[in-house]
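So the chains spell out like this:
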Amino acid sequence: MAVFPWHSRSRNYKAEFASCRLEAVPLEFGDYHPLKPITVTESKTKKVSRKGSTSSTSSSSSSSVVDPLSSVLDGTDPLSMFAATAEPAATDSSRKRRDRDENSIVGSDFEPWASKRGEILARYTTTEKLSINLFMGSEKGKAGTATSAMSEKVRTRLEELDDFEEGSQKELLNLTQQDYVNRIEELNQSLKDAWASDQKVKALKIVIQCSKLLSDTSVIQFYPSKFVLITDILDTFGKLVYERIFSMCVDNRSVLPDHFSPENVNDTAKETCLNWFFKIASIRELIPRFYVEASILKCNKFLSKMGISECLPRLTCMIRGIGDPLVSVYARAYLCRVGMEVAPHLKESLNKNFFDFLLTFKQIHGDTVQNQLVVQGVELPSYLPLYSPAMDWIFQCISYHAPEALLTEMMERCKKLGNNALLLNSVMSAFRAEFIATRSMDFIGMIKECDESGFPKHLLFRSLGLNLALADPPEGDRLQILNEAWKVITKLKNPQDYINCAEVWVEYTCKHFTKREVNTVLADVIKHMTPDRAFEDSYPQLQSIIKKVIAHFHDFSVLFSVEKFLPFLDMFQKESVRVEVCKCIMEVFIKHQQEPTKDPVILNALLHVCKTMHDSVNALTLEDEKRMLAYLINGFIKMVSFGRDFEQQLSFYVEARSMFCNLEPVLVQLIHACVAYCFITIPSLVSIFTRLNLYLHSGQVALANQCLSQADAFFKAAISLIPEVPKMINIDGKMRPSESFLLEFLCNFFSTLLIVPDHPEHGVLFLVRELLNVIQDYTWEDNGDDKIRIYTCVLHLLSAMSQETYLYHIDKVDSNDSLYGGDSKFLAENNKLCETVMAQILEHLKTLAKDEALKRQSSLGLSFFNSILAHGDLRNNRLNQLSVNLWHLAQRHGCADTRTMVKTLEYIKRRSKQPDMGHLTELALRLPLQTRT
């Protein structure tokens, strides 16, 4: 292609701005507004036929605005049509909805059993050996299931039951706790497998066998966890039986409603349900008979409206036959569990269950239990906490939405039982915090009178403190409450007991008292936890204390004036924990510090905290962790301001740079904050695009401050760095091509170069020339077009530089439009550069005349045409001819985007009607639209 001269068109930016401005239309009150709510109109639609044929729709509405989504309401959308033709069926989703509706009486404020399960398993463990009886399925039972005759099936099941009575079991001894858990899980899976293969008798035998394990207290410390594991199996069995009977109530045309009555249940389902209860009633031993019947308590709904309310009292009475008080209390807990699930409104039965427990409560201190503890070598302080999970659950069930009078009654019963500590602890754990808080002094009096043997008082104060963290006691009692509690807590010798209580009461102290009392508490904690480095075993509790303190002290000048706060931090000597604590402090500071600060107390303390975070970074630190630490440190740096005292500000930045040299984002923040760091610190950064952008930003700041020589130096540094840009760069752990990032940077650079004045000693457009040389020498991808896109941007820059007045300026900086004032020599140099750039673009277009590159050639040709249209003076014949050639090139091989070209031609025709644009009329006539062949 021949070399074409460049002629930039003159721009009137003000006029162009005015022509692009949106037309202002006055809006009167009551007119339509796009943010007004849409009025959904009611439509009447004919029913959709089963074949899915389209039906006609007639609708009437008083509103002119129709919601396009309203059709979903009348059944005309495809999903509604599909649903309308589907047969009603009992699905899993409907079953879940039914279960949710039935349990809706128990609200979200009731803590479910599932949330307690994990805590119990983690807390009640043992190193002793355990045993378990495994059911061994008989071969004749398996053979019998294959017979088809009903009499054979009945005979086989009877034989299976006889076989079970004779004892087809295997006792596994010397199991570790984990082995025991694995065996229980195997039994649970065996239950599901037996049920799935229609071996209902085998499933029942597994459940009976598992229930028997709950009578074994040979390893008593493990009993609460055993209860959790076994009742998981019972829950599975109860669900399987219920769903089986429910499925029998469904025929081809109907399904039971969500709240069905026994009248809706067919005879087959009722008979099956009765059969299950009869089978369970024939179980000889009390404990398995109780547990298995309780597990299917819900099935009484199929038989009678009053079935559950009649069964609950009977099951409650059955528990009276269980002699071991520990086994008994967990049986009561299970009955409360299923009772709350299926009939939470039957509070009388739940209360009766609890009062039965109170009547037998003295058994805990009887000779039988004491002898058992002697045999197992278990002390009373270790034995009594085994009751807590069951008692806490029972109390939670009876206290749920209970009136305040019930708490008063419970307190009176506790007093009659001699203020038993275990009972009192469960009362405080279960009832609403507001009830407990208003009676704090009464509870403290009862705690004082408790017998401390077996259940220490400090645990009672801990339970009271947990309530007072949630609800406030009477204002006049607050100081006395703290004194009474701390009088007991501070005397504790065991560091673990001490810190467990102190952790709870720190929140109460922070909530209701000043830094003086908080300082006293922190000093006491340091005193107890420092000897023998006891703090090393209590990092979670110490972390909790720090979080509670900083949650209540958002004024950091007050927080750091608490004398013992920083010494408290010194106890976190494990680096990972120390860093986590520092992160918590900084997160609260960033969140709540509203105004910049120069308080030396805050600065010194937080510099120490940030230094701790920074020094934890090493070669193994994850990138996400580095980003988080840098974010927190930068948040601190941004909040430090000495106002007009620049000397102090610089001193702070100097100290910060020396402290945080290993975190690149922090160095970047400091470079933004202090221009003196630009030349020194930018070269030390690893990320090349971070360096490029910082050089550009620094140059822009220098220009804004009329430091022209510094600006030139920054821009030269950026230009000299471009050849070092690698082909691939790491972005969030993945290697990506760098050219698109380089293109973005250069476009920003060009926008700045428009207003940079030429240096008097370096000639016309010296920075642009240097940049073009670098671009020319850079090794670009062979199959890419980014180099040409950059040259196109350079052409736009040079066109903007040829205007008499530039589009934008920097205050007090004379750009080239002021320096040269439209000088002909300057314009000539500018045009020469334009011609050089154009030659490069056209040469590249020639290289794309290959089959695999024709689409790229078409796209780039149209793009270059648009650039000439926007920036070139098309009254010049040769430039005009070039644009026509490019138009034809874009369409030559049928690769053009026809829609884009049509819109482009329409745009040219519209512009031709504007003043001084008549020459575009002729151009439009020379731009045909070709059809693809």
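These numbers were taken from a predicted model, which means no experiment stands behind them.

Calculation notes
Residues numbered from 1 in each chain as written. Predicted model: local features only at pLDDT ≥ 70, side-chain atom pairs only at ≥ 80, totals over all residues. Heavy atoms only, no water. Helix = DSSP H or I, 4+ residues; strand = E, 2+ residues; numbered from the N terminus. Contact = heavy atoms within 4.5 Å. Areas by Shrake-Rupley, 256 points an atom, 1.4 Å probe, with all protein chains shown as cover. Phe/Tyr/Trp six-rings, centres within 6.5 Å; stacked < 30°, edge-to-face > 60°. Buried < 20%, exposed > 50% of the residue type's maximum accessible area, 1.4 Å probe, protein only. Lys NZ or Arg CZ within 6 Å of the ring centre and 35° of its normal. 1 Å grid on protein atoms, 1.4 Å probe; cavity = no way out; pocket = protein on both sides within 12 Å on 5 of 7 lines; lining within 4 Å. Points joined across faces, edges and corners; volume = space filled by probe spheres on them. Patch = residues over 30% accessible without salt bridge, like charges linked within 9 Å, V, L, I, M, F, W, Y side chains within 5 Å. Salt bridge = Lys/Arg side-chain N within 4 Å of Asp/Glu carboxyl O. Pairing = 2+ DSSP bridges. pLDDT = per-residue confidence, 0-100. Axes fitted to C-alpha atoms, helices over the stretch in contact; angles between N-to-C directions. Parallel < 35°, antiparallel > 145°, perpendicular 65-115°, else oblique. Left-handed = near helix turned anticlockwise from the far one by under 90°. Nonpolar A, V, L, I, M, F, W, Y, C, P; charged D, E, K, R; others polar. Polar contact = N/O pair within 3.5 Å; in protein donor to acceptor, adjacent residues only side chain to side chain. Disulfide = S-S within 2.5 Å.

Draft legend 1. View of the overall build of the protein chain. Each helix and strand counted, the protein chain has 46 helices and 6 strands in total. Sequence separation of at least 24 residues holds for 72% of the intrachain contacts in the protein chain that already meet a minimum separation of 6. Summed over its atoms, the accessible surface of the protein chain is roughly 47900 Å², and 52% of this surface lies on carbon and sulfur atoms.

Draft legend 2. Looking closely at the packing of aromatic side chains. Under the criterion given, the structure shown has 34 aromatic pairs. Between Phe535 and Tyr539, the aromatic rings sit 6.4 Å apart at their centres with planes inclined by 45 degrees, giving tilted as the arrangement. Of the two residues, Phe535 and Tyr539, neither departs from the other in class, the shared state being buried. Here the aromatic rings of Tyr539 and Phe572 are separated by 6.1 Å at their centres, their planes lie at 25 degrees, and the arrangement is stacked. Of this pair, Tyr539 sits in helix 27 (residues 539-552) while Phe572 is found in the loop between helix 29 (565-569) and helix 30 (575-592), placing the two residues 33 residues apart along the sequence. Grouping residues by exposure puts Tyr539 and Phe572 together as buried. Put simply, the rings of Phe110, Trp113, Tyr223, Phe227, Tyr330, Trp393 and Tyr400 pair up and form one aromatic cluster. Stacked on the ring of Trp276, the Lys or Arg Lys279 has its end atom at 4.7 Å from the ring centre. Over the aromatic face of Tyr242 sits the side chain of Lys298, whose NZ or CZ is 4.4 Å from the ring centroid.

Draft legend 3. Quick look at the layout of surface pockets. Looking at the largest pocket, its volume works out to about 1300 Å³. Residue lining of the largest pocket: 34 residues in total, with Lys116, Glu119, Asp392, Ser429 and Leu466 positioned closest to the centre. When residues of the lining of the largest pocket are traced back to their parent elements, those giving at least two are helix 5 (113-123), helix 17 (380-383), helix 18 (388-399), helix 20 (421-430) and helix 23 (457-468).

Draft legend 4. View of a nonpolar patch on the surface. Side chains of Phe17, Leu807 and Tyr808 sit close together on the surface and give an oily, nonpolar patch of about 280 Å² of accessible area. Tracing the chain through its elements places Leu807 in the loop between helix 40 (786-801) and helix 41 (816-820).

Draft legend 5. Focus on the pairing of strand 6 (residues 734-737). With 4 bridges joining them, strand 5 (residues 728-731) and strand 6 adopt antiparallel strand pairing. The partner of Ile729 across the bridge, within strand 6, is Arg736. Linking strand 5 to strand 6, which pair antiparallel, is a turn of 2 residues; within it Asp732 sits at a positive phi near 50 degrees.

Draft legend 6. Molecular detail of the confidence of the model for the protein chain. When the pLDDT values of the protein chain are averaged, the result is 82; 84% of them are 70 or greater. Predicted confidence is poor over residues 42-68, with pLDDT under 50, and the contacts of this stretch with residues over four places away or in other chains come to 34 contacts. Confidence over residues 70-104 falls short of pLDDT 50; this stretch has 39 contacts with residues more than four positions distant or in other chains.

Draft legend 7. Broad picture of the packing of helix 44 (residues 877-891) against helix 45 (residues 898-911). Interaxial distance between helix 44 and helix 45 falls to 11 Å at its minimum, and their mutual angle equals 160 degrees. In this view, helix 44 runs roughly antiparallel relative to helix 45, as classed from their interaxial angle. Here helix 44 and helix 45 pass one another in a crossing that is left-handed. Contacts from Trp887, Ala890 and Gln891 of helix 44 reach helix 45 at Met901, Thr904 and Leu905. Along the lines of polarity and charge, the residues of the contact of helix 44 with helix 45 split into 4 nonpolar, 2 polar and no charged.

Draft legend 8. The environment of Cys317, seen in detail. Residue placement: Cys317 occurs in helix 13 (residues 307-319). We classify Cys317 as partly exposed; its relative accessible area is 34%. In the structure, Cys317 is positioned 39 residues away from Asp356 in sequence and 8.5 Å away in space, judged by C-alpha atoms.

Draft legend 9. Examining the environment of Tyr677 more closely. Locating Tyr677 in the fold gives a position in the loop between helix 34 (664-673) and helix 35 (678-681). Among the residues examined, Tyr677 registers a relative accessible area of 4% and is labelled buried. Along the sequence, Tyr677 and Val654 sit 23 residues apart, while their C-alpha atoms lie 9.2 Å from each other.

Draft legend 10. Expanded view of the environment of Pro723. With respect to the helices and strands, the residue Pro723 is situated in the loop between helix 37 (708-721) and strand 5. Each C-alpha atom, one on Pro723 and one on Ile775, is 8.3 Å from the other, the two residues being 52 residues apart in sequence. Once residues lying within four places of it in the same chain are set aside, the contact partners of Pro723 are Val774 and Tyr778.

Draft legend 11. Seen up close, the side chain of Asn188. Along the chain, the position of Asn188 falls in helix 8 (residues 177-196). Overall, Asn188 belongs to the buried group, its relative accessible area being 16%. A polar contact of 3.5 Å, which involves the side chain of Asn188, links it to the side chain of Thr236. When residues no more than four places from it in sequence are discounted, the contact partners of Asn188 are Asp232, Ile233 and Thr236.

Draft legend 12. Structural context of unusual backbone geometry. Positioned with a positive phi, Asp532 is a non-glycine residue whose angle comes to about 55 degrees. Residue position: Asp532 is located in the loop between helix 26 (515-529) and helix 27. Look at Asp916: it is not a glycine, yet its phi comes out positive at around 65 degrees. With respect to the helices and strands, the residue Asp916 is situated in the loop between helix 45 and helix 46 (919-925).

Draft legend 13. View of the state of the cysteines. Under the definition given, this model contains 0 disulfides. The structure places no disulfide on Cys273, whose sulfur is separated from the nearest cysteine sulfur, that of Cys299, by 5.1 Å. Judged by its relative accessible area of 1%, Cys273 is buried.

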